[in-house]
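Single-letter residue listing:
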Amino acid sequence: MERSEVKRDGPALECRQLSKIYGAVRALDQVDLTIRRGRIVGLLGPNGSGKTTLIKTAAGLLSPSAGELLVCGQRPSAATKGLVSYLPERTYLNDWMRVEDILSMFRDFYRDFDLQKAEEMLFRLDIHRLDRLRTMSKGTREKVQLILVMSRKAELYLLDEPIGGVDPAAREFILSTIIGNYSEEATVVISTHLIRDVEQVLDDVVFLGYGHVGLAAPVEELREEKGKSIDELFREIYRC
């Protein structure tokens, strides 16, 4: 699908009775979910709740066992991969690679990759083109990968645990990068179990527990209705 043909009046992501089964395990169990455009959405849940499975299905890396998932009105395909910018939970970049190698790879592979934007963000971190990933701290490698993902002009950004395993200072940089580097017409889905850290940047939340959507609503609406933070509400529902 060409970007000009994308339906902009519908949801960014829609699940209809979506299930994903691994043997006897139902990672996703008849999920119904609609995520609107132009929102930063927290996909929140404990470990093993199905967050990564949902994100990988939306990214086109997994196929549903039953039901349907739509990205911008289309089933995941080679065409929708051009609309989605995906940050996996674990890095897929080889640590021998130099920054210039990675920039070249993204520029060649993604026609919507904004090289200038990526270079500007890397410059602010004092990361040079000849630097190798193996010389960087874990937090810096996480920042580099996020910068690459957010430098694409995508319709839907899928970020799987972007702040997991990094220190608080790195989390702050990562969240500010997410907020400052996406189009207002695009949608960002952040999967995480670190709710307190991301709550401040979210428009909507989806509580996912053991393959089921427990709650999906705007953040401000929930705070006003429940009189609690999103972190407090989540801990109450899932007793964690």
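That block above? That's the structure.
Residues numbered from 1 in each chain as written. Predicted model: local features only at pLDDT ≥ 70, side-chain atom pairs only at ≥ 80, totals over all residues. Heavy atoms only, no water.

### Here we look at the state of the cysteines
Throughout the structure, instances matching the rule amount to zero disulfides. Considering cysteine sulfurs only, C72 is the nearest to C15, which forms no disulfide, with 13 Å between them. The class of C15 is buried, set by a relative accessible area of 3%. (Disulfide = S-S within 2.5 Å. Buried < 20%, exposed > 50% of the residue type's maximum accessible area, 1.4 Å probe, protein only.)

### Points about the sheet that holds strand β8 (residues 204–209)
Strand order across the open sheet formed by six strands is β5-β6-β7-β3-β8-β9, with mixed pairing between neighbours. Strand pairing shows two members of the sheet lacking a second neighbour, β5 (84–87) and β9 (212–218), which therefore form its edges. Each strand axis lies, on average, 15° off the axis of its neighbour in the sheet, ignoring direction. Judged from the four bridges that link them, β5 and strand β6 (residues 156–160) form a sheet pairing that is parallel. Residue pairing in the sheet places S85 in a bridge with Y157 of β6. Contacting β8 and β9, helix α8 (residues 219–226) crosses the sheet at an angle of about 95° to β9. Those strands touched by helix α9 (residues 230–238) are β3 (40–44), β8 and β9, and its axis lies near 20° from that of β8. (Pairing = 2+ DSSP bridges. Helix = DSSP H or I, 4+ residues; strand = E, 2+ residues; numbered from the N terminus. Axes fitted to C-alpha atoms, helices over the stretch in contact; angles between N-to-C directions. Contact = heavy atoms within 4.5 Å.)

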